[in-house]
Amino acid sequence: MEPAAGVTREEIIRLMLCQLSAYGYSSLSQAIATHTKVPMTTESNSRLSELVSAGLQSESRRLGGDVEGDAEMSAEHHEETGGLDLGRAAHSGAAATMPRYSTWYMTRHKGAATTAAFSRDGRYIATGSVDTSLKLIEVDRVRCPLTGMARPEDKPVIRTLYHHTAEITGVAFHPNGLVLASCSVDRTIKLFDLSAAYGKHSFQSMKDNHAYRSIAFHPSGEYLAAGGDGCEVRVYNVSTGKAYLLGSGAQHSAGITGVGYASSGALVSSSSRDGSVKLWDGATGKCVRTLDRAHGGQAATAVAFSQNSKYVLTTGLDSRVCLWDVGSGRLMHAYEGATLDSPSSGAVFSYDDSRVLVADSRLNDI
């Protein structure tokens, strides 16, 4: 079948690769990308299904005689359902069961490890270090299902990536799972193509006048939010590398320590050394809520949304982790007990939002 007019073979293959990855067939999409020499880079992992859905809806309306244009759904009216609900949890009466954690695998950088992230499909782990390198770990090789242990011949670290010249401060996987982004004190963001059979260097780079501290992909993969020692949150168009600033006139008054996207992409969050946390409209870039003195005037060091985007979790140098209601800006709970005196301290939700995990700066435990 020949491509439709105006659509190239490469564009069609790339959409197919992204959709295969979205359905969990990352190995297959990798193999096809290598064979066809059409690398997956920056497209939305759900773009093909979105186009098919839009086409089917358009055809349905045409066949039904509806010639009116599509009603565009505004992101600000999109609300995630289910997930973490403190009101419901408070009345459930169920006692919490504490999980048991054990070490499956350990690898080392030449310098201190500073950051780590899972790919969305759980296939990969990426780590960054002050030694300027990145390690890519394949999860299936970390723990053998039969023995429960990693085997030496499995070699979980499948690739080491280089291209930064200073400490790496953040890593993030593109939603398609085949592009890795990293940011650094060297004032650059690098994008690495994981579908390429070989290669240790990035295929795209973005540069700023300040050190970067945190990055996060939009759920579509088309944009990348970044924050660093400057006071502004930048959002990059991944395809073009062009950036725009969020909230002209409403920026933080000190450096950015963390950024994150809500699961719908409707909101962007940022934490800052000025002690505040801000929520930004993902479409207009306007600041829609500011949590002043979120940590008693101490620096806010990290921020993360719950999966349903109803709550935002912040970490601060007051050694508290705070859970806030996004809709009202009300403090729902403060978690205490860990010493959090590192500028890189950051709490995260567990995979199902049932727990909050944070590393104690002094005891070196979770």
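Participant: Is there a simple way to think about the overall build of the protein chain in this case?
Facilitator: Of the regular secondary structure elements, the protein chain holds four helices and 22 strands. Here the protein chain holds 366 residues, and 43% of them are scored as buried. Across the protein chain, contacts joining residues at least 24 apart in sequence account for 47% of those joining residues at least 6 apart. In the structure as shown, the protein chain presents an accessible area of about 19700 Å², 52% of it carried by carbon and sulfur atoms.

Participant: Where do I start with the packing of aromatic side chains in this structure?
Facilitator: What describes a pair of aromatic rings is the distance from one ring centre to the other and the angle between the planes of the rings. Following the criterion strictly, the structure yields one aromatic pair and no others. Centre to centre, the rings of Tyr-124 and Phe-173 are 6.4 Å apart; their planes meet at 10°, and the pair counts as stacked. Separated by 49 residues along the polypeptide, Tyr-124 in strand β2 (residues 124-129) and Phe-173 in strand β5 (residues 168-173) bring together distant segments of the chain. Of the two residues, Tyr-124 and Phe-173, neither departs from the other in class, the shared state being buried.

Participant: Please explain unusual backbone geometry as it appears in this structure.
Facilitator: With the exception of glycine, most residues fall at negative phi, and the peptide bonds are largely trans. The backbone of Arg-293 sits at a positive phi, close to 45°, despite the residue not being glycine. Counting through the fold element by element, Arg-293 comes out in the loop between β16 (287-291) and β17 (300-305). Judged by its relative accessible area of 60%, Arg-293 is exposed. Backbone geometry at Ser-319 places phi at a positive 60°, although glycine is not the residue there.

Participant: Just checking my understanding: could you explain the nonpolar core for this structure?
Facilitator: Side chains of nonpolar character tend, in soluble globular proteins, to be buried together. Counting residues in each nonpolar core, the largest one holds 14 residues, and the members touching the most others are Ile-189, Leu-191, Ile-215, Phe-217 and Leu-224. If you list the elements that add at least two residues to this core, you get β6 (179-184), β7 (188-193), β9 (212-217) and β10 (223-228). Excluding anything up to four places from it in sequence, Leu-224 contacts Ile-189, Met-206, Ile-215, Ala-216, Phe-217, Arg-234, Val-235, Tyr-236 and Val-238. In terms of nonpolar packing, the next biggest core, distinct from the first, is built from 13 residues, Leu-291, Ala-300, Val-303 and Trp-324 among them.

Participant: Mind showing me how you'd approach the side chain of His-295 here?
Facilitator: Its place among the elements puts His-295 in the loop between β16 and β17. Judged by its relative accessible area of 0%, His-295 falls in the buried class. Setting aside residues no more than four positions away along its own chain, His-295 makes contact with Gly-275, Ala-300, Thr-314, Thr-315, Gly-316, Asp-318, Arg-320 and Cys-322.

Participant: Is there a simple way to think about the pairing of strand β11 (residues 234-237) in this case?
Facilitator: Taken residue by residue, a regular strand's side chains alternate between the two faces of the sheet. With four bridges connecting them, β10 and β11 associate as antiparallel partners. Within β11, the residue paired with Leu-224 across the bridge is Tyr-236. Between β10 and the antiparallel strand that follows it, β11, lie five residues.

Cut-off values and rules
Residues numbered from 1 in each chain as written. Predicted model: local features only at pLDDT ≥ 70, side-chain atom pairs only at ≥ 80, totals over all residues. Heavy atoms only, no water. Helix = DSSP H or I, 4+ residues; strand = E, 2+ residues; numbered from the N terminus. Buried < 20%, exposed > 50% of the residue type's maximum accessible area, 1.4 Å probe, protein only. Contact = heavy atoms within 4.5 Å. Areas by Shrake-Rupley, 256 points an atom, 1.4 Å probe, with all protein chains shown as cover. Phe/Tyr/Trp six-rings, centres within 6.5 Å; stacked < 30°, edge-to-face > 60°. Core = buried A, V, L, I, M, F, W, Y, C linked by side-chain atoms within 4.5 Å. Pairing = 2+ DSSP bridges.

By themselves, these are just geometric observations and shouldn't be taken as functional.
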